[in-house]
Amino acid sequence: MTGLERSGEGVTGLLERYGPWALVVGGSEGVGAAFADQLARAGFGVVLVARKPEALEEVAERVRAHGAPCRVLALDLLDADATARIVEAVADLDLGLLVLNAGANTYRSRFVEADLARVQAVIDLNVTRPLELCRELGARLAARGRGGILVVGSTAGYLGHADIGIYAAAKAFARIFTEGLWLELGQVGVDVLHLVLGLTATPAMERAGLDLTGAADPADVAAQGLAALGAGPVHVVRQQAEVVARRSALDRAVLVAGNYSGMRAMLGRPSPDPD
Ligand SMILES: NC(=O)c1ccc[n+]([C@@H]2O[C@H](COP(=O)([O-])OP(=O)(O)OC[C@H]3O[C@@H](n4cnc5c(N)ncnc54)[C@H](OP(=O)(O)O)[C@@H]3O)[C@@H](O)[C@H]2O)c1
């Protein structure tokens with residue numbers, strides 16, 4: 001049971017349980033902006049982190065229009081001091097909710113031909129920074145005995161992929177890590193959730209040129225995540241429940257090779273796109 005209810009106005013009870021401040025890492029557009037909007041409507045103060053200052057300011061204006069305070073921090077999570085700067089930016093706030101959303105794939109390559117610096121960037125965005133933030137800010141939540149951590153994952157993390165294998169493996173790592181954190185922090189009153197998305201109509205996917213027919217709506221998946229915060233460790237968005245069930249079957253060779261062939265056929269090109 002989540003103890004949270006969805007209404008026409010969004011999820012009620014969130015502020016009491018996870019307020020008063022939320023940090024949205026990757027909050028300048030798409031799903032992150034939808035989280036910010038819904039949290040502001042619920043009465044949270046919101047801290048937004050991403051690279052593009054103008055996009056951050058646009059979201060901040062919408063947050064403030066709901067009467068909620070908002071701070072923005074423009075930085076690249078791949079910079080070595082990113083975690084320290086985020087921790088410093090929220091040091092004086094009563095932070096109750098951490099949303100780790102940034103992490104779409106940034107590199108495609110056959111692994112044995114890959115540029116290892118670009119491989120490392122995928123790992124840093126999806127693994128290293130989230131671990132650092134969960135260590136630093138999770139400790140604060142644990143000490144106050146109340147709060148939540150939501151990590152955004154992908155159906156790609158349920159099986160091996162050619163060309164985007166590092167992204168898929170990083171998402172799998174993040175999910176298993178989050179499950180363990182759910183066990184540890186649940187004992188001290190902090191809810192932890194891994195939110196698994198499939199294709200979602202975000203600006204990043206538009207820029208990547210993907211066909212977004214049938215893609216999920218960012219506002220819908222963000223609302224599903226907030227409603228499921230207390231029902232961790234994992235929430236697969238309802239649109240992807242069957243896909244994830246299929247991808248969890250035991251005959252891995254049939255599954256992994258079959259998915260690869262299916263994606264090639266669907267896309268009419270030699271290698272699959274991230275999902
Ligand atoms: N969209 C999909 O179809 C889909 C499917 C499955 C899973 N997901 C997951 O959903 C999450 C959101 O994906 P998305 O499609 O919105 O793309 P995304 O590229 O992860 O962008 C999300 C946010 O993160 C910020 N961001 C990205 N890289 C950053 C960096 N290096 N430093 C600081 N901020 C950064 C972006 O803003 P800036 O560009 O301004 O930095 C944006 O605000 C990801 O974790 C992704 O893996 C998405």
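From a predicted model like this one, the values you see are computed outputs, not experimental measurements.

Caption draft 1: Just the overall build of the chain, in detail. If you tally the helices and strands in the chain, you get ten helices and nine strands. Its C-alpha atoms give the chain a radius of gyration of 18 Å, within 12% of the compact-globule value 19 Å for 275 residues. Considered along the principal axes of its C-alpha atoms, the chain spans approximately 50 × 40 × 35 Å. Expressed as a percentage of the 275 residues in the chain, the buried residues total 51%.

Caption draft 2: Spatial organisation of the site of the ligand. S28, R51, K52, N101 and T202 are the nearest of the 28 residues found near the ligand. Note that an oxygen atom of the ligand is positioned 2.7 Å from one of the side-chain N or O atoms of S28. N101 is positioned with one of its backbone polar atoms (N or O) 2.7 Å from an oxygen atom of the ligand. When the ligand is considered free in solution it has 840 Å² of accessible area, and contact with the protein chains removes 97% of it. Counting residues per element, the ones that place at least two in the shell around the ligand are β7 (147–154), α6 (165–186) and α7 (203–207). The greatest single-element share of the shell around the ligand, amounting to three residues, is contributed by β7. Classifying every residue of the shell around the ligand by side-chain character gives twelve nonpolar, ten polar and six charged.

Caption draft 3: Looking closely at the environment of E54. Structurally, E54 can be placed in helix α3 (residues 53–65). By relative accessible area, which is 57% here, E54 ends up exposed. In the structure, E54 is positioned 158 residues away from L212 in sequence and 25 Å away in space, judged by C-alpha atoms.

Caption draft 4: The arrangement of the pairing of β7 in detail. Of all eight residues in β7, eight are buried, a share of seventy percent or more. Neither face of β7 is open: one carries G147, I149, V151 and G153, the other G148, L150, V152 and S154, and all of them are buried. Sheet topology places strand β6 (residues 95–100) next to β7; four bridges connect them, and they run parallel. Its bridge partner lying in β7, L97 is registered against G148. Taken together, β6, helix α5 (residues 116–144) and β7 form a β-α-β motif whose crossover is right-handed. Looking at chain direction, β7 and strand β8 (residues 190–197) are connected through eight bridges and run parallel. Bridge assignment links S154 to a residue of β8, and that residue is L197. Between the parallel elements β7 and β8, the chain passes through α6 in a crossover that is right-handed.

Caption draft 5: Representation of the pairing of strand β4 (residues 45–50) within the structure. A large share of β4 lies buried, amounting to six of its six residues. Of the two faces of β4, the one holding G45, V47 and V49 and the one holding V46, L48 and A50 are both buried throughout. Looking at chain direction, strand β3 (residues 21–25) and β4 are connected through five bridges and run parallel. By the bridge assignment, L23 is partnered in β4 with V47. Following the backbone out of β3, through helix α2 (residues 30–41) and into the adjacent parallel β4, one traces a crossover that is right-handed.

Reading guide: rules and limits
Each residue is numbered by its place in its chain's sequence as written, counting from 1. For a predicted model such as this one, the threshold for reporting local features is a pLDDT of at least 70, and the threshold for listing and counting side-chain atom pairs is 80 or more; totals across whole chains, interfaces and linings nevertheless cover every residue. Side-chain figures throughout are based on the complete set of non-hydrogen atoms in the structure, without hydrogens or water. The secondary structure listing takes helices from DSSP runs of H or I that are at least 4 residues long and strands from runs of E that are at least 2 residues long, numbered from the N terminus. The quantity called the radius of gyration is restricted to C-alpha atoms. Its globule counterpart is 2.2 Å times the number of residues to the power 0.38. The cut-offs for exposure are 20% and 50% of the maximum accessible area for each residue type, with area from a 1.4 Å probe on protein chains only; residues under the lower value are buried, those over the upper are exposed, and the others partly exposed. By convention in this text, a residue qualifies as near a molecule or strand provided that one of its non-hydrogen atoms is within 4 Å of it. What qualifies as a polar contact is a pair of N or O atoms within 3.5 Å, subject to a donor-acceptor requirement within protein and to the restriction that residues adjacent in sequence count only when both atoms come from side chains. Accessible areas in this description were obtained via Shrake-Rupley with a 1.4 Å probe; residue shielding takes into account the shown protein chains only. Gly falls in the polar group here, along with every residue not listed as nonpolar (Ala, Val, Leu, Ile, Met, Phe, Trp, Tyr, Cys, Pro) or charged (Asp, Glu, Lys, Arg). Here the rule is simple: two strands pair whenever DSSP picks up at least two bridges between them. With strands facing away from the observer, any crossover in which the path from the first strand over the helix to the second runs clockwise is taken as right-handed.

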